[in-house]
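Close look at the chain arrangement
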Amino acid sequence: MIKLPNRIHLANLPTRIERLDRLSKELGGPQIFIKRDDQTGSEVSGNKIRKLEYVIQEALDQNCNYLITCGGIQSNHARATVAAAARLGLASCVVLRSSGNDSLEGNYFLNKLLGADIKLISPEDYRERRMDIMEGIKANLIKQGYRPYIIPEGASNGIGTFGYYTGMEEILEQEKKMGIEFDAIALAVGSGGTYGGMFLANKLLGHGTKIFGINVCDSASYFQSRIYEILQDSFSYIDKTIDFSKEEIQIIDGYVGEGYAISRSEELEFIHYLAKLEGVILDPVYTGKAMYGLVNEIKKGNFNKYKNILFIHTGGLFGLFSKKDLFFS
C-alpha cells in the first residue's frame, strides 16, 4: 500500500456497479457492466468530484479561500468545482469557453445559481490563453486580499490523479463482493486525469485489467502524451513511481465525431436507444460518445477476448439539456 495525499470527503461513495443485461444480450458478446459515477452526488455529480476531493484538500491545506478553474460552457468540472466551493464556504470563478450565443441552462445556469463569478472567453482564447487568463484573475484577487488557488481543466493534474486511484481501489473491492473480475474497463477521455488515476492504480496494485480510454476530443497520441505528463506529476506526491511507456496508455480513437461537445445524429440516437433499453441516461459530450464507441468496437469484434467489461459512467446529465432541441427533430 502507498500513502496517498489527504482528501476531503465530498462524494457519495462507493457508487453502484450494475449489469446492462439487455444491452449485453443484444450485442451477443461480453457482459457489459456500468459503474454509476454519475451518482456521486446531485450538485457535484460525475467523475470530477473524486479528483476535486484531493485538489480542494490541497487548496485548503494552503489556506486558500478562492477557487479558479476553467472548462466549456457546459463543463461538468466547472459546475462540480463551484458546487463544492459553495458547500465549503469558498468563493469561486470559472473561465468558460463560449460561442457567444449560449443559452442560460444546464451547467451554465447552475454555475450562476451557485454564485460563481463567470468569465466567458472565445474558443481561441480558451485554447491558447486560458492559463494566462486564470493567472491574471488570480493576481487581481490577491490584490483584493483573497488567497486563490487555480485548478486546471478537469482537475487533471498530479494531485487530481488520486481521485481515480481510489476509484480503482473501490472497483477492486466491489469485484470481491460481486465475485467477478473485470478484464477490461472503458471510459471517456476528455482531459486525461480519470484515465491516469486508474492506470496508476492498476499498475501499482498489480491488477492487470486492460483500461481503454475513448477520446472525445483531440487525438490518441495527444492523450498518450498528456496522461504521461499527468502521471509524472503525480509521482511527486507519493513515494513510488512506475515504469511505463506511452504505448501502454490505450486510447481508442475515431469517435470524436464533429468535435468536442458537437453532437452527430447517430450519437444522439444512441443516447436515446440506451435510455429506452436500460433506463440509463448518457451525456452528449463524454459518455454518449464513449459508450457509442465501445458498442461499435464490440460489434466489430475488437473486444471478443474479454468476458466482463466495465464502463465508467462519468456523469454529465445537466449538459444534456442544452442539446434538447436536437432530439426528436
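Now for a look at the structure at hand.

What counts, and where the lines are drawn
The residue numbers shown here count from 1 along each chain, following its written sequence. In keeping with the predicted nature of the model, local features appear solely for residues at pLDDT of at least 70, side-chain atom pairs appear and are counted solely at 80 or more, and the whole-chain, interface and lining totals rest on all residues. As a convention, hydrogens and water are excluded, and side-chain values are obtained from all of the structure's heavy atoms. When two rings of Phe, Tyr or Trp (its six-membered ring) have centres within 6.5 Å they constitute a pair, described as stacked for plane angles under 30 degrees, edge-to-face for angles over 60, and tilted for the intermediate range. Every helix listed is a DSSP run of H or I at least four residues long, and every strand listed is a run of E at least two residues long, numbered separately from the N terminus. For every residue, the accessible area (1.4 Å probe, protein chains only) is compared with the maximum for its type, and the residue is labelled buried under 20%, exposed over 50%, or partly exposed between those bounds. Residues belong to one nonpolar core when they are buried, are Ala, Val, Leu, Ile, Met, Phe, Trp, Tyr or Cys, and are joined through side-chain atoms within 4.5 Å. By the convention used here, residues are in contact when the closest approach between their heavy atoms is within 4.5 Å. By the convention used here, strands pair only if DSSP detects at least 2 bridges between them. Where helices are involved, their axes are fitted lines through C-alpha atoms of the stretch in contact, as for all axes, and angles between N-to-C directions lie from 0 to 180°. What sets the label is the angle itself: under 35 degrees gives roughly parallel, over 145 gives roughly antiparallel, 65 to 115 gives roughly perpendicular, and the rest give oblique. Working rule for handedness: look at the near helix, and if it is turned counterclockwise from the far one by less than a right angle, call the crossing left-handed; if clockwise, right-handed. Amino acid classes used here: Ala, Val, Leu, Ile, Met, Phe, Trp, Tyr, Cys and Pro are nonpolar; Asp, Glu, Lys and Arg are charged; the rest, including Gly, are polar. Residues enter a patch when their relative accessible area is above 30% and they make no salt bridge; the linking distance is 9 Å between like charges and 5 Å between nonpolar side chains (Val, Leu, Ile, Met, Phe, Trp, Tyr). Residue burial considers only the protein chains on display, and all accessible areas are found by Shrake-Rupley using a 1.4 Å probe. A carboxyl oxygen of Asp or Glu within 4 Å of a side-chain nitrogen of Lys or Arg is what we treat as a salt bridge. By definition here, a helix of n residues has an expected span of 1.5 Å times n minus one. By definition, a residue's bend is the angle between the axes fitted to the seven residues ending there and the seven starting there.

Applying the stated criterion across every chain yields a total of 16 aromatic pairs. The interplanar angle of 55 degrees and the centroid separation of 6.5 Å between the aromatic rings of Phe162 and Tyr165 together place this pair among those described as tilted. Taken together, the residues Phe162 and Tyr165, both in helix α6 (residues 162–178) and three residues apart, mark about one turn of the helix. Using a relative accessible area of 0% as the deciding quantity, one classes Phe162 as buried. Between Phe270 and Tyr292, the aromatic rings sit 5.9 Å apart at their centres with planes inclined by 65 degrees, giving edge-to-face as the arrangement.

Ile185, Tyr195, Met198, Met291, Leu294 and Phe303 are the most contacted members of the largest nonpolar core, which has 88 residues in total. Not counting residues within four places of it along the chain, the set of residues in contact with Tyr195 comprises Leu187, Val189, Ile211, Phe212, Gly213, Ile227, Glu248, Ile249, Gln250 and Ile251. By size, the runner-up hydrophobic cluster in this structure holds 12 residues, among which are Cys70, Ile133, Met134 and Ile137.

Looking now at the sheet that holds strand β6 (residues 148–150). With parallel pairing, the four strands of this open sheet are ordered in space as β5-β4-β3-β6. Two strands close off the open sheet at either side, each with one partner strand: β5 (117–121) and β6. Within this sheet the neighbouring strands show an average axis-to-axis angle of 20 degrees, counted without direction. In the sheet, strand β4 (residues 91–97) pairs with β5 via five bridges, with the strands oriented parallel. Across the sheet, the residue bridging to Leu96 is Leu120, located in β5. Taken strand by strand, helix α5 (residues 123–143) contacts β3 (66–72), β4, β5 and β6, and its axis lies near 170 degrees from that of β3.

Moving on, we come to the packing of helix α3 (residues 76–88) against helix α4 (residues 106–113). Contact geometry for α3 and α4: axes closest at 9 Å, N-to-C directions at 20 degrees. As the angle between them shows, α3 and α4 are arranged roughly parallel. In terms of crossing hand, the pair formed by α3 and α4 is left-handed. Side by side, α3 and α4 meet where Asn76, Ala78, Arg79 and Val82 of the first sit next to Asn107, Leu110 and Asn111 of the second. The residue inventory of the contact of α3 with α4, partitioned by class, reads three nonpolar, three polar and one charged.

Time to look at a nonpolar patch on the surface. There is a patch of nonpolar side chains on the surface, built from Leu104, Phe109 and Leu113 and spanning about 300 Å² of accessible area. The residue Leu113 is located in helix α4 in this model. Classification of Leu113 as exposed rests on a relative accessible area of 60%.

Turning next to unusual backbone geometry. In most cases, non-glycine residues show a negative phi, while peptide bonds are predominantly trans. Going from Leu13 to Pro14, the amide bond is cis rather than trans, its omega being -5 degrees. Although it is not a glycine, Ala261 sits at a positive phi angle of roughly 65 degrees. Within the secondary structure, Ala261 is located in the loop between β9 (250–252) and α9 (265–278).

This paragraph deals with the packing of α9 against helix α10 (residues 287–299). Where α9 meets α10, the closest approach of the two axes is 9 Å, and the angle between their N-to-C directions is 85 degrees. Taken together, α9 and α10 sit at an angle that is classed as roughly perpendicular. Facing α9, whose interface residues are Glu266, Glu267, Phe270, Ile271 and Leu274, α10 presents Gly288, Lys289, Met291, Tyr292 and Val295.

Our focus in this paragraph is helix α2 (residues 48–61). Under the 1.5 Å per step criterion, the end-to-end length of α2 is 20 Å for 14 residues, consistent within 8% with the ideal 20 Å. At Tyr54, α2 shows its maximal bend, which comes to roughly 25 degrees. The buried count for α2 comes to 12 of 14 residues, which makes it a mostly enclosed element. Close packing links the buried residues of α2 with β2 (31–36), β3, α3, β6, α6 and α7 (193–204). Of the residues one or two after α2, Asn63 is the one with positive phi, at around 65 degrees.

Turning to the sheet that holds strand β8 (residues 210–215), a few remarks are in order. Pairing within the open sheet is mixed, and its six strands lie in the order β1-β2-β10-β7-β8-β9. Edge positions in the sheet fall to β1 (17–19) and β9, since each has one partner strand and no second. Between one strand axis and the next, the sheet turns through 30 degrees on average, direction left out of account. Bridge count between β1 and β2: three bridges; the pairing is antiparallel. When the sheet's bridge partners are listed, Arg19 is paired in β2 with Phe33. Relative to the sheet, α7 contacts β7 (184–189), β8, β9 and β10 (308–313), its axis offset from that of β8 by approximately 170 degrees.

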